[in-house]
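Structural characterization, general
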Amino acid sequence: MIRLDGVAKRHGSQILYVDASMGVFTGEKIGLVGPNGSGKTTVFRLITREETPDEGLVVIDRGVTVGYFRQDVGEMRGRSVLAETLAGAGEVSALAAELKDLEEAMADPDRAEALGVTLEQAIDRFGEVQARFDELGGYDLEPRAQEILAGLGFAPEVIEGDVGKLSGGWKMRVALAQILLMRPDVLLLDEPTNHLDLESILWLEKFLGTYPGAIVMTSHDRELLNRLVTKIVAIDGGEMTSYSGNFDFYEQQREIAAQQQEAQYARQQAMLAKEEAFIARFQARASHAAQVQSRVKKLEKIERVEPPKRRRVVDFQMQKPPRSGDDVARLTGVCKRWGQRKIYDHFDFLVRRLERWCVLGVNGAGKSTLLKLVVGEASVDEGDVVVGASVKLGYFAQHAMDILDGSSTVLETLEAAYPRASGGSLRTVLGVFGFSGDDVEKKVSVLSGGEKARVVLARMLYDPPNFLVLDEPTNHLDMDTKDTLVKALASFEGTMLFVSHDRDFLARVSNRVLELTPDGPLEYGAGYAEYVAQSGREAPGMRA
């Protein structure tokens, strides 16, 4: 369906690909992986003709339709959420609009004249458009749109509401709904789960699992890639390499290939050293001239094995935090309302030292509210919230990025927080969170949202508190940074209370689960994996 043959591409002085090739075939589900800046999004832009290769070809078979979900959504206003979704569904929405015009033209000669067609032309065209509209499933378009929007977490009243009133994250969901409703032959999905809650991710995973067309996607969600994709295309160092299997299989094969290349490289280096030592020892002796020349020619003809390219990942060893008291946070008889909506009604909850609580619940259940109550960013209507003795609290939320000083560099941000720390140690922790070399001199004002989140995490965890309260800490983190963070938090000798939609993060970090349900909170005395086994569900609000 789609082929990239011998493609070369550079952005300024940065070389993305050299003689790179990949193919997308009918029904394939492909995960596109690689470090930040390796050119994953550029692959999508080449396929959609938004960019052209410097060399090579991008070939799309005749008649193949492509839908592209990207991270930047256009302007959305002036329509309901449902109308906006229907309007963005590609060819089928254009046909629906044309059918409406033709129906009016057949009923009103003045309307036909305004459209520049005769009645006979309108009738003929109506038959053609109607047949294509029916072929594309146009007559069940609105029910499908409602089903997709509900799956992505939209309440019925929101679906009928003004799309312009939605936040950026919810507009991203509308953009995703438009692409899914379009049903193209090839879906290009650039980080489709970034703004989704756990229930919506699970719904999307099921939807894509039965999708008849081809899918090419980037994602930092390891579990999604493991369950959905059947092929990985890895982009690194100017090359594209295809692996048959899911993400875990790709990692295993990449490690095996790296070990084999290391062994081959080591064997060749040992052989070269031996030959070069012989040449150096005997090159001045006439009696060995023939042997020396023979070995020199042999070395000249040898194809040198390249040392393996290993991605540099720095493990982060968090310092041991000071010991807190045994009771870290206690909520007693807490009542909380937002407007007319009751969030908590005489809620009791205790967090004890070394517990790592993940909080689960559908949108509006009160997950982030609980975190805000504990850290003091929200107040209770009734009851008490008490933080225990010797508790040093660290809070990460998405709004934490907004209070960074845009005029400071990344390094200066940490230096201001830790004036006595050595520059080397601060650079090390920044390297863990993806800021290496000159990146530490970037102004905060030019950073993306994900980069700002990494700065906040680096600043918090350099000298960790003994009670971490984290609201979606892995949003926008790449796979390597996320893995480093998970390893560090899994061995963290403190207490945690957190919300996350990342199943890998939930399973590897949590040792307690608090599920917020309409019937009241449920506590599980083990981690997320045990919660799934006990409850039989991966999220409280599993959507059909």
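How each quantity is defined
Residues numbered from 1 in each chain as written. Predicted model: local features only at pLDDT ≥ 70, side-chain atom pairs only at ≥ 80, totals over all residues. Heavy atoms only, no water. Helix = DSSP H or I, 4+ residues; strand = E, 2+ residues; numbered from the N terminus. Areas by Shrake-Rupley, 256 points an atom, 1.4 Å probe, with all protein chains shown as cover. Lys, Arg positive; Asp, Glu negative; His and termini not counted. Charge placed at Lys NZ, Arg CZ, Asp CG, Glu CD. Salt bridge = Lys/Arg side-chain N within 4 Å of Asp/Glu carboxyl O. Buried < 20%, exposed > 50% of the residue type's maximum accessible area, 1.4 Å probe, protein only. Pairing = 2+ DSSP bridges. Axes fitted to C-alpha atoms, helices over the stretch in contact; angles between N-to-C directions. Contact = heavy atoms within 4.5 Å. Arc of directions from axis to C-beta. Parallel < 35°, antiparallel > 145°, perpendicular 65-115°, else oblique. Nonpolar A, V, L, I, M, F, W, Y, C, P; charged D, E, K, R; others polar. Left-handed = near helix turned anticlockwise from the far one by under 90°. Patch = residues over 30% accessible without salt bridge, like charges linked within 9 Å, V, L, I, M, F, W, Y side chains within 5 Å. Phe/Tyr/Trp six-rings, centres within 6.5 Å; stacked < 30°, edge-to-face > 60°. Lys NZ or Arg CZ within 6 Å of the ring centre and 35° of its normal.

Examining the overall build of the chain
Helix and strand content of the chain: 19 helices and 18 strands. Considering only C-alpha atoms, the chain reaches an extent of 105 × 75 × 50 Å along its principal axes. Of the roughly 26,000 Å² of accessible surface on the chain, 48% is carried by carbon and sulfur atoms. Charge-centre separation for the chain: the mean point of 65 positive side chains lies 8 Å from the mean point of 81 negative side chains.

Observations concerning the pattern of salt bridges
Throughout the structure, instances matching the rule amount to 42 salt bridges. The partner of aspartate 327 in a salt bridge is arginine 330, with the nearest N and O atoms 3.0 Å apart. Residue aspartate 327 is classed as partly exposed on the basis of its relative accessible area of 30%.

A few points about the sheet that holds strand β4 (residues 55-60)
In spatial order, the strands read β2-β1-β4; together these three strands make up an open sheet with antiparallel pairing. What marks the edges here is a single partner per strand, and that holds for β2 (14-24) and β4. Within this sheet the neighbouring strands show an average axis-to-axis angle of 25°, counted without direction. Relative to β4, strand β1 (residues 2-11) runs antiparallel, the two being bridged by five bridges. Its bridge partner lying in β4, leucine 4 is registered against valine 58. In this fold helix α1 (residues 40-47) packs onto β1, β2 and β4, with an angle of close to 120° to the strand it touches most, β1.

Things to note about the environment of valine 385
For valine 385, the location among the structural elements is in strand β13 (residues 382-387). Sequence separation between valine 385 and valine 334 is 51 residues, and the spatial gap between their C-alpha atoms is 7.6 Å. Here valine 385 is in contact with Arg330, Leu331, Val334, Leu373, Val374 and Val380, once residues within four sequence places are set aside.

Structural notes on helix α19 (residues 528-535)
Residues Tyr528, Tyr531 and Ser535 constitute the buried set of α19. The arc that holds the buried residues of α19, viewed along the axis, is 50°, so those residues lie on one side. Every exposed residue of α19 that faces more than 90 degrees away from the buried side is listed here: Ala533 and Gln534. Summarising the contacts, the buried residues of α19 are in contact with α9 (198-209), β12 (356-360), α18 (503-509), β17 (512-517) and β18 (520-524). Positive phi appears at glycine 536, one or two residues downstream of α19, with a value of about 75°.

Some thoughts on the pairing of strand β3 (residues 29-33)
Buried residues dominate β3, accounting for five of its five residues. Residues of β3 alternate between two faces, with Lys29, Gly31 and Val33 on one and Ile30 and Leu32 on the opposite face, all of them buried. By the bridge criterion, three bridges tie β3 to strand β7 (residues 214-218) in an arrangement that is parallel. Opposite isoleucine 30, over in β7, you have valine 216 as the bridge partner. For β3 and strand β8 (residues 231-236), the ladder comprises four bridges, and the chain directions are parallel. Bridging across to β8, leucine 32 finds its partner in valine 233.

As for the side chain of lysine 336
In this structure, lysine 336 sits in strand β10 (residues 327-338). Here lysine 336 occupies a buried position and makes no salt bridge, while the nearest side chain of opposite charge, aspartate 381, is found at 4.2 Å. Apart from the residues within four sequence positions on either side, lysine 336 is in contact with Arg341, Lys342, Ile343, Tyr344, Thr369, Ser379 and Asp381.

Regarding the sheet that holds β18
One open sheet holds the six strands; their spatial order is β14-β15-β16-β12-β17-β18, and the pairing between them is mixed. If you trace the sheet from one side to the other, it starts and ends with β14 (393-396) and β18, each paired once. Adjacent strand axes in the sheet meet at a mean angle of 15°, parallel and antiparallel pairs treated alike. In terms of strand pairing, strand β15 (residues 467-471) meets strand β16 (residues 495-499) through five bridges, oriented parallel. Bridge pairing in β16 places leucine 470 opposite phenylalanine 498.

A word on unusual backbone geometry
Despite not being glycine, histidine 346 has its phi angle at roughly 50°, a positive value. A positive phi angle, near 55°, is found at glutamate 472, a position not held by glycine. You can call glutamate 472 buried: its relative accessible area is 15%.

Structural notes on the packing of helix α6 (residues 141-151) against α9
Interaxial distance between α6 and α9 falls to 9 Å at its minimum, and their mutual angle equals 135°. In terms of orientation, α6 lies oblique with respect to α9. For the pair formed by α6 and α9, the contact residues are Glu147, Ile148 and Gly151 on the first element and Ser200, Trp203 and Phe207 on the second. Residue classes in the contact of α6 with α9 are distributed as three nonpolar, two polar and one charged.

Description of the packing of helix α3 (residues 91-107) against helix α5 (residues 119-135)
Between α3 and α5, whose axes approach to 9 Å, the crossing angle comes to 150°. Classified by the angle between their axes, α3 and α5 sit roughly antiparallel to one another. Between α3 and α5 lies a crossing whose hand is left-handed. Here Glu91, Val92, Leu95, Ala96, Glu98, Leu99, Leu102, Glu103, Ala105 and Met106 of α3 lie close against α5, whose contacting residues are Leu119, Ala122, Ile123, Arg125, Phe126, Val129, Gln130, Arg132 and Phe133. Its residues assigned to classes, the contact of α3 with α5 shows 13 nonpolar, one polar and five charged.

A closer look at a nonpolar patch on the surface
Together, Met106, Leu119 and Ile123 make up an exposed nonpolar region whose accessible area comes to about 240 Å². Here isoleucine 123 shows up in helix α5.

Observations concerning the pairing of β8
Burial within β8 is extensive, with five of its six residues counted as buried. Between the antiparallel neighbours β8 and strand β9 (residues 239-244) lie two residues, among them glycine 237 with a positive phi of about 60°.

Things to note about the packing of aromatic side chains
Per the counting criterion, the structure on display carries 15 aromatic pairs. Residues phenylalanine 133 and tyrosine 139 carry aromatic rings whose centres are separated by 5.0 Å and whose planes lie at 85° to one another, so their mutual orientation is edge-to-face. You can call phenylalanine 133 buried: its relative accessible area is 6%. Their ring planes at 80° and their centres at 5.0 Å tell us that phenylalanine 349 and tryptophan 357 sit as a pair that is edge-to-face. Here tryptophan 357 falls in the buried class, since its relative accessible area comes to 4%. Site record: aromatic cluster; members linked through ring pairs are Tyr344, Phe347, Phe349 and Trp357. The ring of tryptophan 170 is capped by arginine 173, whose NZ or CZ atom sits 3.9 Å from the centre of that ring. Sitting over the ring of phenylalanine 278, arginine 295 keeps its end group 3.7 Å from the ring centre.

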